[in-house]
Amino acid sequence: MTALSENSRLRITYGFDGATEVAHNLWVGSRLPAWPEGFDLVVFCETEYQPAWRNIEGWVLRCPFEDAGLDPGEQARVIEAASIVLATLDADHRVLITCYAGRNRSGLVAACALVRQGRSVEEAIAAVRRVRSNGPFGEAMSNPVFLVFLEAYARALGTARS
């Protein structure tokens, strides 16, 4: 893994609490009041807010799912989003994944992409928690349903490590 530069740990202050870089070119953030510049793909994971911005540069992926459980349709959306995120990263493009607080839903999609990239579940969770477990919403990747799903996803890919 490439070490993050000190500048990549600084907050971008366009959102509720901004966005932070989880891994090279992979950013996670909270709800955005305006279109973020400098990203090639923006993924919206929250069900309560799917902005209809027009005339933007870059791609938008809408992947709404609840912050409670994951029904089979939501599971499929998360897996598809992680695949698209990884393909975008592999093309050396910048990705921003957002949800209301930038902790669990966006963290899950980011962690799934990292696991798909070959990282262990523990490494993926640690990468998200390292930069997103601050602010008023507490620890990132704390939804137990999402953690069970991430483990099962990793096992299905053959990348789970204890």
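Residues numbered from 1 in each chain as written. Predicted model: local features only at pLDDT ≥ 70, side-chain atom pairs only at ≥ 80, totals over all residues. Heavy atoms only, no water.

Quick look at the packing of aromatic side chains
Test applied: To pair, rings of Phe, Tyr and Trp, with the six-membered ring standing in for Trp, must have centres within 6.5 Å; the planes then decide the type, stacked if under 30 degrees apart, edge-to-face if over 60, and tilted in the middle. Elements are defined by DSSP. Helices are runs of H or I of four residues or more, strands are runs of E of two residues or more, and each kind is numbered from the N terminus. Partly exposed describes any residue whose relative accessible area lies between the buried limit of under 20% and the exposed limit of over 50%, with all areas from a 1.4 Å probe on protein chains only and scaled to the type maximum. The criterion for a charge sitting over a ring is simple: Lys NZ or Arg CZ within 6 Å of the ring centre, and within 35 degrees of the ring normal.
With the rule as written, the count across this model stands at 3 aromatic pairs. Arranged with centres 6.2 Å apart and planes meeting at 10°, the rings of Phe 149 and Tyr 153 form a pair that is stacked. Residue Phe 149 and its partner Tyr 153 are both found in helix α4 (residues 144–157); the two are separated by 4 residues, about one turn of the helix. A residue is classified by how much of its surface remains accessible, and Tyr 153, at 6% relative accessible area, is buried. Here the basic side chain of Arg 94 rests over the ring of Phe 39, its NZ or CZ set 4.5 Å away from the ring centre.

A few points about the sheet that holds strand β5 (residues 95–98)
Here is the rule we go by: Any two strands between which DSSP finds at least two bridges are classified as paired. Here, axes are lines fitted to C-alpha atoms. For helices the fit covers the stretch in contact, and angles between N-to-C directions go from 0 to 180 degrees.
In space, the 5 strands of this open sheet follow the order β1-β2-β5-β3-β4, with mixed pairing throughout. One side of each edge strand has no neighbouring strand; the edge strands of this open sheet are β1 (19–23) and β4 (59–62). The average angle at which neighbouring strand axes cross in this sheet is 25°, direction not considered. With 4 bridges joining them, strand β3 (residues 41–44) and β5 adopt parallel strand pairing. Residue Leu 41 lies in a different strand from β5, and its bridge partner there is Val 95.

Remarks on the packing of helix α2 (residues 105–116) against helix α3 (residues 121–132)
Quick reminder of the rule: We call two directions roughly parallel when the angle between them is under 35 degrees, roughly antiparallel when it is over 145, roughly perpendicular when it lies between 65 and 115, and oblique otherwise. Helix crossings fall into two classes, left-handed where the near helix is turned counterclockwise from the far one by less than a right angle and right-handed where it is turned clockwise. Any two residues whose heavy atoms approach within 4.5 Å at even a single point are treated as in contact. Classification convention: Asp, Glu, Lys, Arg as charged; Ala, Val, Leu, Ile, Met, Phe, Trp, Tyr, Cys, Pro as nonpolar; all other residues, Gly among them, as polar.
As a packed pair, α2 and α3 sit with axes 9 Å apart at the nearest point and diverge in direction by 140°. In terms of orientation, α2 lies oblique with respect to α3. Crossing geometry of α2 relative to α3 is assigned as right-handed. Only Val 121, Ala 124, Ala 127 and Val 128 of α3 make contact with α2, whose side of the interface consists of Gly 107, Ala 110, Ala 111, Leu 114 and Val 115. For the contact of α2 with α3, the class distribution of residues is 8 nonpolar, 1 polar and no charged.

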